[in-house]
Amino acid sequence: MPVKSKSGRVFKIPTAEENARINAGINADPDTYELSDQEFKQLRKVGRPPAKETKEKVTIRLSREVVTKFRATGPGWQTRIDNALSDWLREHKTGTGA
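Rules of the game
Residues numbered from 1 in each chain as written. Predicted model: local features only at pLDDT ≥ 70, side-chain atom pairs only at ≥ 80, totals over all residues. Heavy atoms only, no water. Helix = DSSP H or I, 4+ residues; strand = E, 2+ residues; numbered from the N terminus. Rg over C-alpha atoms; globule rule 2.2 N^0.38 Å. Salt bridge = Lys/Arg side-chain N within 4 Å of Asp/Glu carboxyl O. Buried < 20%, exposed > 50% of the residue type's maximum accessible area, 1.4 Å probe, protein only. pLDDT = per-residue confidence, 0-100. Axes fitted to C-alpha atoms, helices over the stretch in contact; angles between N-to-C directions. Parallel < 35°, antiparallel > 145°, perpendicular 65-115°, else oblique. Left-handed = near helix turned anticlockwise from the far one by under 90°. Contact = heavy atoms within 4.5 Å. Nonpolar A, V, L, I, M, F, W, Y, C, P; charged D, E, K, R; others polar. Polar contact = N/O pair within 3.5 Å; in protein donor to acceptor, adjacent residues only side chain to side chain.

## With respect to the overall build of the protein
- The secondary structure content of the protein amounts to 4 helices and 2 strands.
- Traced from its N-terminal end to its C-terminal end, the protein shows the element sequence β-β-α-α-α-α.
- A globule of 98 residues ought to have a C-alpha radius of gyration of about 13 Å, yet the protein, at 24 Å, is considerably larger.
- Counting only C-alpha atoms, the protein reaches 70 × 35 × 20 Å along its principal axes.

Here is the structure:
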């Protein structure tokens, strides 16, 4: 039975018979086993660790040229914009105490 996710991806859920065959294959594999509750609790979380300093989400209007050139630099382009603005602030003391 197909199921659609929030992002629009469609997944096929296995039937009970397919699921039984899948589990039989897993059980027959000597290199795999089901984790105990204790082992499961010991697993490390996957992904990026929590940031020490979080960023504020804002909406800002930038010229198309600026956005296009930063996006062309690949993943992390928004961080590079943040770094460029931070550099500008260091070079141009605004006198506001910031």
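Still more ground to cover, so stick around.
## Here we look at the pattern of salt bridges
- Evaluated as defined, the whole model comprises 4 salt bridges.
- With a shortest N-O distance of 3.9 Å, Lys55 and Asp82 are connected by a salt bridge. Of the two residues, Lys55 sits in the loop between helix H2 (37-41) and helix H3 (64-71) while Asp82 sits in helix H4 (residues 77-91), which places them 27 residues apart along the sequence.
- Taking the relative accessible area as the measure of exposure, Lys55 reaches 57% and is therefore exposed.

## Examining the confidence of the model for the protein
- Scored by pLDDT, the protein comes out at a mean of 89, with 95% of its residues at no less than 70.
- Ranking the helices and strands of the protein by mean pLDDT puts H3 first, with 97, and strand S1 (residues 2-4) last, with 86.

## Topic: the packing of H3 against H4
- Two elements in contact, H3 and H4, have axes separated by 8 Å at closest approach and are oriented at 120°. In terms of orientation, H3 and H4 fall into the oblique class. Considering the relative orientation of H3 and H4, their crossing is right-handed. Contact residues: Val67, Phe70 and Arg71 in H3; Trp77, Arg80, Ile81 and Ala84 in H4.
- For the contact of H3 with H4, a count of residues per class yields 5 nonpolar, no polar and 2 charged.

## As for the environment of Ile22
- Within the fold, Ile22 resides in helix H1 (residues 16-28).
- Overall, Ile22 belongs to the partly exposed group, its relative accessible area being 42%.
- Sequence separation between Ile22 and Phe11 is 11 residues; the distance between their C-alpha atoms is 16 Å.

## Concerning the environment of Lys12
- One can find Lys12 in strand S2 (residues 10-12).
- Here Lys12 falls in the exposed class, since its relative accessible area comes to 61%.
- With 15 residues separating them in the primary sequence, Lys12 and Asn27 have C-alpha atoms 22 Å apart.
- Reaching out from Lys12, the side chain makes a polar contact with the side chain of Glu18 at a distance of 3.4 Å.

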